[in-house]
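Okay, here's what each chain looks like letter by letter:
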Amino acid sequence: MSHLHLFAFQIYPYIALAVCLIGSWIRYDRSMYTWRTGSSQLLSDRGMRVGSNMFHVGVLAILGGHLVGLLTPHSVYESFITPAQKQLLAMSVGGVFGAMCFVGIVILLVRRLTNPRVRATGTRGDTMVLVLLFAQLVLGLYSIAVSRHHMDGGVMVALAEWAQHIVTFRGGAAEFMVGVHWVYKAHVLLGMTLFLIAPFTRLVHIWSIPVSYLWRPYQVVRRRQAAVVMSDERLADR
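Residues numbered from 1 in each chain as written. Predicted model: local features only at pLDDT ≥ 70, side-chain atom pairs only at ≥ 80, totals over all residues. Heavy atoms only, no water.

1. Here we look at the overall build of the protein
Next, step 1: Helix and strand counts for the protein come out as nine helices and zero strands.
Next, step 2: When the helices and strands of the protein are listed from N to C terminus, the series reads α-α-α-α-α-α-α-α-α.
Next, step 3: Relative to its full complement of 238 residues, the protein shows a buried share of 32%.
Next, step 4: Accessible surface, the protein as shown: approximately 15600 Å² in total, 67% of it carbon and sulfur. (Helix = DSSP H or I, 4+ residues; strand = E, 2+ residues; numbered from the N terminus. Buried < 20%, exposed > 50% of the residue type's maximum accessible area, 1.4 Å probe, protein only. Areas by Shrake-Rupley, 256 points an atom, 1.4 Å probe, with all protein chains shown as cover.)

2. A look at unusual backbone geometry
Next, step 1: Even without being a glycine, Phe169 presents a positive backbone phi close to 55°.
Next, step 2: Mapped onto the secondary structure, Phe169 falls in the loop between helix 7 (154-167) and helix 8 (182-197).

3. Digging into the packing of helix 1 (residues 3-30) against helix 7
Next, step 1: Following both chains from N to C, one finds helix 1 and helix 7 inclined at 50°, their axes separated by 10 Å at the closest point. The angle between helix 1 and helix 7 places the two elements in the oblique class. Like other packed secondary-structure pairs, helix 1 and helix 7 cross with a definite hand, here right-handed. Here Phe9, Gln10, Pro13 and Tyr14 of helix 1 lie close against helix 7, whose contacting residues are Trp162, His165 and Ile166.
Next, step 2: Across the contact of helix 1 with helix 7, the residue classes break down as five nonpolar, two polar and no charged. (Axes fitted to C-alpha atoms, helices over the stretch in contact; angles between N-to-C directions. Parallel < 35°, antiparallel > 145°, perpendicular 65-115°, else oblique. Left-handed = near helix turned anticlockwise from the far one by under 90°. Contact = heavy atoms within 4.5 Å. Nonpolar A, V, L, I, M, F, W, Y, C, P; charged D, E, K, R; others polar.)

4. So, the pattern of salt bridges
Should the charged atoms of two oppositely charged side chains come close, the side chains can pair.
Next, step 1: On inspection of all chains with the given rule, the structure shows one salt bridge.
Next, step 2: Across the pair Asp126 and Arg202 runs a salt bridge whose closest N-O atoms are separated by 3.1 Å. One end of the pair, Asp126, is in helix 6 (residues 124-147); the other, Arg202, is in the loop between helix 8 and helix 9 (224-237), with 76 residues separating them in the sequence.
Next, step 3: A residue is classified by how much of its surface remains accessible, and Asp126, at 12% relative accessible area, is buried. (Salt bridge = Lys/Arg side-chain N within 4 Å of Asp/Glu carboxyl O.)

5. Quick look at empty space enclosed by the protein
Next, step 1: Counting across every chain of the model gives one cavity of 30 Å³ or more.
Next, step 2: Of the voids in this model, the largest cavity is the one considered here, and its volume is about 30 Å³.
Next, step 3: Secondary structure elements with two or more residues in the lining of the largest cavity: helix 3 (74-77) and helix 7.
Next, step 4: Class assignment for the residues of the lining of the largest cavity results in four nonpolar, two polar and one charged. (1 Å grid on protein atoms, 1.4 Å probe; cavity = no way out; pocket = protein on both sides within 12 Å on 5 of 7 lines; lining within 4 Å. Points joined across faces, edges and corners; volume = space filled by probe spheres on them.)

6. Digging into the side chain of Asp126
Next, step 1: A distance of 3.1 Å separates the side chain of Asp126 from the side chain of Arg202, its partner in a polar contact.
Next, step 2: Not counting the four nearest positions on each side in its chain, Asp126 is found in contact with Arg112 and Arg202. (Polar contact = N/O pair within 3.5 Å; in protein donor to acceptor, adjacent residues only side chain to side chain.)

7. Quick look at the packing of aromatic side chains
The description of two aromatic rings rests on the distance between their centres and on the angle between their planes.
Next, step 1: One pass over the structure, following the stated rule, counts four aromatic pairs.
Next, step 2: Ring centres of Phe102 and Phe134 lie 5.7 Å apart, and the angle between their planes is 35°; on these two criteria the pair is classed as tilted. Separated by 32 residues along the polypeptide, Phe102 in helix 4 (residues 83-114) and Phe134 in helix 6 bring together distant segments of the chain.
Next, step 3: Judged by relative accessible area, Phe134 falls into the partly exposed class, the value being 27%.
Next, step 4: Pairing Tyr142 with Trp182 gives two aromatic rings, centres 6.0 Å apart and planes at 40°, and the pair type is tilted. Taken together, the residues span a long stretch of sequence, with Tyr142 in helix 6 and Trp182 in helix 8 at a distance of 40 residues. (Phe/Tyr/Trp six-rings, centres within 6.5 Å; stacked < 30°, edge-to-face > 60°.)

8. As for the nonpolar core
Next, step 1: By size, the foremost hydrophobic cluster in this structure holds 17 residues, and its most contacted members are Phe9, Trp162, Met177 and Tyr184.
Next, step 2: Those elements giving two or more residues to this core turn out to be helix 1, helix 6, helix 7 and helix 8.
Next, step 3: Ranked by residues supplied to this core, first place goes to helix 7 with five residues.
Next, step 4: Among all residues touching Trp162, those that are not within four sequence positions of it are Phe9, Pro13, Ala173, Ala174, Phe176, Met177 and Val188.
Next, step 5: Ranked by size, the runner-up nonpolar core spans 16 residues in total, among them Cys20, Met48, Val129 and Leu133. (Core = buried A, V, L, I, M, F, W, Y, C linked by side-chain atoms within 4.5 Å.)

9. Re a nonpolar patch on the surface
Next, step 1: A cluster of nonpolar side chains, contributed by Leu21, Ile22, Trp25, Ile26, Ile206 and Trp207, occupies part of the molecular surface with about 660 Å² of accessible area.
Next, step 2: Looking at the secondary structure, you find Trp207 in the loop between helix 8 and helix 9. (Patch = residues over 30% accessible without salt bridge, like charges linked within 9 Å, V, L, I, M, F, W, Y side chains within 5 Å.)

10. Topic: the packing of helix 1 against helix 8
The axes of two packed helices give the description: the angle between them and the distance between them.
Next, step 1: At a closest axis distance of 8 Å, the pairing of helix 1 and helix 8 adopts a crossing angle of 25°. Judged on the interaxial angle alone, helix 8 and helix 1 are roughly parallel. The hand of the helix 1/helix 8 crossing is left-handed. In this structure, helix 1 contributes His5, Ala8, Phe9, Tyr12, Pro13, Ile15, Ala16, Leu17, Val19 and Cys20 to the contact, and helix 8 contributes Lys185, Val188, Leu189, Met192, Thr193, Phe195 and Leu196.
Next, step 2: Here the residues of the contact of helix 1 with helix 8 sort into 14 nonpolar, two polar and one charged.

Put into structure tokens, the structure is as follows:
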């Protein structure tokens, strides 16, 4: 195991996560009004609703599957599901939501690159984030194809052990990544890089979960004409 491999899969994850957490905290504290998605829907609604909904539904399902699949110890589920069955389940669910997410991000990326108004008001960082997310999604979908060649679940267990060693601050995590296919390594490294750049891009809005929307009162919107008539009536009463 080389020093570069040790840095990439034992040290770099902690650097990326530390920058993500501390950087997000500092940005919220110092630049609260930049904490936003920077939506361009007002500039052009074409493709925005479909692309954004497909992308966000897909990516939320994928993230949830990664968290449960990677951070659940093997001893918790070994009594009712085998590693091979777990891998097949992950490939099936990940394939469906990965395809949904892929269609959504293609729509958003094409819109970002070809719509003059969206392109003019956006930043290079916005485009870079979409390109990196697209690359990460392609790697994830390709890893499903690679997984078809080893359906015993051994690689999935190794990846889960790596993730669990990282989050529990145990040494030896990099050893679980030694013999895996390059696509898994690239997928992990790019994923850590997305965490690294999150505080400096619009990705920071992942922390803003709109839970309060579930119980907030409806917004009352009145027509301007009605407001003018009411004002005239009040003046007439005087």
